[in-house]
Every structure is written in structure tokens, then in C-alpha cells.
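Each chain, letter by letter, is given below.
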Amino acid sequence: MRHLGAFLFLLGVLGALTDICEIPEVDIQLVEKLGQRLLPWMDRLSREHLNPSVYVGLRLSSVQDGTKEKLYLRSLKLDYQQCLLRSALSENDSDCQAKPSMGRLSLYLLALRANCEFIRGHKGDRLISQLKRFLEDEKRAIGHNHKGHPHTSYYQYGLGILALCVHQKRVHNNLVGKLLYAVEHDRLHQSHFSVDTAAMAGLAFTCLKRSNFNPDQRHRITMAIRTVQEKILKAQTPEGYFGNVYSTPLALQLLMTSPMSGAELGTACLKAKVALLASLQDGAFQNAVMISQLLPVLNHKTYVDLISPDCLAPRVMLEPATTTLPQIQDPETINVTLQVLSLLQPYRQAIPVLAGSSLEDVLKKAHMLGGFIYEKQASLSGPYLTSVMGKEAGKREFWQLLQAPNTPLQQGIADYRPKDGEAIELRLVSW
Ligand code: B12
């Protein structure tokens, strides 16, 4: 059955070979299903749940949540504007302990553009200055000789430039120059090539180019766009993904903006789309941020379209999903081995959990059973593991999640569901 489905999809996809890298009409029901997974987010208006990426994804999609979107944007505005502006005045504002990061501020600015708003007025100017200050700090951290690293990442650096660009705010040549240098000298990533980061840099450059910003750097910008595109194409896996399934949406966003033409790009995109659509049917897209990066692609849109978005385009109204309660069978218990070998005192334990549990459930159970401690931190992508056995990941380190012996997981602790007999390793690594 699945094969037949895949075959039909393939036929549909082949029909659209004429658009070099544009995804063909996608079954609207599939898009609606994805959109429905974002609906619960639209009801969560508390600070820790507000997610500008979700808003941007919905607005650039072919589906909508009616009046809730308005309320959501209002909550985002209250939260981001008040917090950022207040924290600029006083460092110890009790309401705003977690000052939005450069990346979150950038996503907030993209959210405003997704509603066809330009940042305006005195408050708006201060938000723009704040973002420019963030970028200046990052520029200093990278240093004159380009040997340092941004405090956040080149992903957020690219996102920052993109956000300013879609608001028609010019970015100084020397700020753009840092990202150009990183692309030209392969310094976007530390250990291995990150398709997501390259794609984000490419989207930022594409916006600068289309807006005719930084004319002195035009040639370098054009070359850098070409470089990231070529590298992304080279990172295509035999299954068709650019990098992995979750970097493919951003990669396609970039390739869709491409002035490149030719059979090579067409075939690569076609392969990626077939792989992506098959993974959609397998339910790979559950994470809200991942869905929010994918929805625009399924609607032929990219973040670069935020230069002049179409806010009047008709979108299909989402209905809440009708949930069929799963049949309650005898819940089966499975065993997952949890191991931490990168510390002086290694830990290895079989943890019994109910089938279908997430890795986070395994960690909780291990903690309950004793001998295992961990800490996590909320992020837009979900809970991020920050500390294991009392050892906190330092600067440019992280607790990597692996399927033993050596396969990094492609999902976080909340989304990944280990199978019976699987061994999961938590390993402290540098990045
Ligand atoms: C930079 C980055 C990292 C950096 C983060 C550190 C830093 N200082 O920036 C490093 C290299 C450490 C990292 C680690 C991991 N990452 Co990562 N990462 C990204 C990237 C490129 C950008 C994130 C970002 O800045 N977003 C923008 C800001 C504004 O949002 P934010 O929520 O404030 O950002 C924070 C979180 O995203 C968090 N974070 C980073 N990665 C992940 C992954 C998960 C699952 C969670 C919950 C949080 C998280 O770090 C960010 C900075 O504080 C995204 C790409 C993408 N397409 O989104 C992948 C991405 C989110 N990561 C991914 C994965 C799988 C991981 C790991 C689970 C890999 C692993 N096997 O261990 C680990 C996290 C493990 C853990 N301890 O919980 C996947 C998630 C896919 C999914 N289904 O959700 C993505 C999409 C990459 C991909 N294509 O596979 N990552």
C-alpha cells in the first residue's frame, strides 16, 4: 500500500519537473495534517511557549488558523517588545529573566514581516538597534582574523542579517563580510558541514542581493550564494535528503530561490521532494519548528518572500484534528539501555519503559530508579539536554544523543522514541 502511495506521489512530482526546484501541488490533506500539529501552539500564549517560528511557518503556508493568528501575534508583540525594551533599561527585570536571544529576536522580526508589517516607530528602532548590537557582539567574538566563533552560531548570525534585510534595514559591509568570509573559508561549521546553517546563510545573502544592498560586495555575495548551493547539492544523501530529513526543508527554501538552472539541480530537487514526501507520510514531521520550516516549501514560499509577502493570499482554514483514541491494549514494557561513557564514572543501565515512550521518558525513569541525573532547558525546538550526571556542557560543547555505538539521533529527547533493546548513549562532545 505504502509503495503504491509513494509511486503515485512520484508521478505527481514528476509532472512538475518544469519548475526547477519548486515543490508541486501537495495533497492539501497532508498539509492540513501538518498545520493541525501547530494548532495546540496557537493556544499557548505563555512566555515559555511563544514561538515566532510557528507563526512565520503558518503565515507562509497554504493553511490558516483564523483569528487565533491575530491573538498570537499580539502576544508575541507584547512579549518580545516589552521584554527586550525593558531589559535594555534594567538588567534585573523580574518578568523578563530570559532576554530573547539574537535568533529569537530575528524570528520575531520575521513574524512581523509575515503579517506585512514593517518595524516602526521609536520602539521599533530600538529593537533594530538591539539586533544590530547583537550582530556587532558576534562580529567581535569572531574577531579581526576570523579565528574566533560567534557566541551563538553562524545559523543565528545568518538569521539576524536576514531579519534586518526583510525589514529593509541595511547591514554594514563589515557585518556581512564576516558571514561571507565564513562561507568562503569553510568556517560556518566546526566539525562537519551543516546544511541548515549553509541554507540560512544563503537565504540571508539572497535577500541582500534581491534588495540591492551592499553593492560593493555584490560579486562576493553572488559567489557565496553559489558556493552554499553547490555544497548543499553535494551533501545530498542516497535517499535524496540534503544533509538529513530535517535540514531538507531549509535547503529546498534556498534552492527554490536559485537562479541556477539545469538538469542537475532539477534532478536533485526532484529526488529530495520524493524523499521528503515519503517521510511526511511516515510521520517524520512532529516537531513544531521543523513543521514551520517545511510548510512554506509546500506552499512554494521561502523566507526571502518576506521581502514583500502576500498577506491576502487565500489560505485554507484549519479544523482541529479529530482524535481517535488509541485502542488500549496491555501496555507492553520495553527495555532501553542508557549509557554515559564519556565521564570518569561511566553509567550503563537497562531502563524499563512503556512501548512508545520518548527518550525523555527514559531519562525520567532512569532518574527515578536512581543513579542518573540530568538537566534540560526549554528551547523553541523543545527540551534541550544541558547537563548529565552533574556535568554541564561548556561553551561550544553539547551532550550529543546517539544510538550506540555511533549514530547521532536526528531528533531531540522529547521527540525520539527508542525501540525495545535499543542502546542510547549520551556523549559530551565539542562542536
Ligand atoms: C545550532 C544548532 C545546534 C547547536 C546548538 C548550540 C548553539 N549554541 O547554537 C548544537 C551543535 C549544539 C546542536 C545540537 C543538537 N542538535 Co541542533 N541544530 C542547530 C541549528 C543549526 C540551529 C538552531 C538555532 O539556532 N535555532 C534558532 C534559535 C532562535 O532557536 P532556539 O530554540 O533559541 O535555538 C536553540 C535550540 O534550537 C537549541 N538546539 C539546537 N539543536 C537542537 C535540537 C533539539 C532537538 C532541541 C530540542 C534543541 C536544539 O540550541 C539553540 C541555541 O541555543 C538547527 C537547524 C534548524 N533547522 O533549526 C539544528 C537542529 C535543531 N538540531 C538538531 C538536532 C537533532 C540536534 C541534536 C539532538 C543532535 C544530537 N544527535 O545530539 C543536538 C541536541 C542534543 C541535546 N543536548 O538536546 C535537528 C533537530 C531535528 C528535529 N527533529 O527536531 C536540527 C533541525 C538539525 C538537523 N537538520 O538535523 N544543534
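Going by the structure above, here's the rest.
A few points on the structure. Note that the coordinates shown come from a computational prediction; the quantities given were computed from them, not determined experimentally.

The next point concerns empty space enclosed by the protein. Enumeration according to the criterion identifies 1 cavity of 30 Å³ or more in this entry. Taken as a whole, the largest cavity encloses approximately 50 Å³ of empty space. In terms of lining, the largest cavity is formed by A182, V183, D186, L188, H189, F193, A198, T227, V228 and K231. Breaking the lining of the largest cavity down by element, the ones donating at least two residues are α8 (173–184) and α10 (218–234). When residues in the lining of the largest cavity are grouped by element, the largest group, 3 residues, is from α10. For the lining of the largest cavity, the class distribution of residues is 6 nonpolar, 2 polar and 2 charged.

Another aspect to go through is the sheet that holds strand β9 (residues 407–408). Either a parallel or an antiparallel arrangement is found when strands of a sheet pair, and the pairing is made through backbone hydrogen bonds. Pairing is mixed in the open sheet, where 5 strands are placed in the order β4-β3-β10-β8-β9. The two strands at the open ends of the sheet, each matched to only one other strand, are β4 (347–354) and β9. Bridge count between strand β3 (residues 333–340) and β4: 8 bridges; the pairing is antiparallel. Within β4, the position partnered with V336 by the bridge is I351. Across the sheet, helix α14 (residues 359–369) lies against β3, β4, β8 (397–403) and β10 (423–430), angled at about 115° from β4, the strand it touches most.

On to the side chain of E69, then. Structurally, E69 is set in helix α4 (residues 67–89). Using a relative accessible area of 4% as the deciding quantity, one classes E69 as buried. Here the side chain of E69 touches R315 through a polar contact of 2.8 Å, side chain to side chain. Sequence-distant contacts of E69, that is, excluding residues within four places in its chain, are made with M42, Y55, L58, R59, V63, Q64 and R315.

What follows concerns the environment of R37. For R37, the location among the structural elements is in helix α2 (residues 28–42). Along the primary structure R37 and N287 are separated by 250 residues, whereas in three dimensions their C-alpha atoms are 8.4 Å apart. A polar side-chain atom of R37 sits 2.5 Å from the main-chain carbonyl oxygen of F285.

This part takes up the sheet that holds strand β5 (residues 374–379). Across the sheet, which stays open at both edges, the 3 strands sit in the order β5-β6-β7 with antiparallel pairing between neighbours. Of all the strands in the sheet, just β5 and β7 (391–392) have a single pairing partner and so form its edges. When strand β6 (residues 382–388) meets β7, the two strands line up antiparallel, connected through 2 bridges. Counterpart to V388 in the pairing with β7 is K391.

What counts, and at which threshold
Residues numbered from 1 in each chain as written. Predicted model: local features only at pLDDT ≥ 70, side-chain atom pairs only at ≥ 80, totals over all residues. Heavy atoms only, no water. 1 Å grid on protein atoms, 1.4 Å probe; cavity = no way out; pocket = protein on both sides within 12 Å on 5 of 7 lines; lining within 4 Å. Points joined across faces, edges and corners; volume = space filled by probe spheres on them. Helix = DSSP H or I, 4+ residues; strand = E, 2+ residues; numbered from the N terminus. Nonpolar A, V, L, I, M, F, W, Y, C, P; charged D, E, K, R; others polar. Pairing = 2+ DSSP bridges. Contact = heavy atoms within 4.5 Å. Axes fitted to C-alpha atoms, helices over the stretch in contact; angles between N-to-C directions. Buried < 20%, exposed > 50% of the residue type's maximum accessible area, 1.4 Å probe, protein only. Polar contact = N/O pair within 3.5 Å; in protein donor to acceptor, adjacent residues only side chain to side chain.

As far as function goes, none of this settles anything; it's purely spatial.
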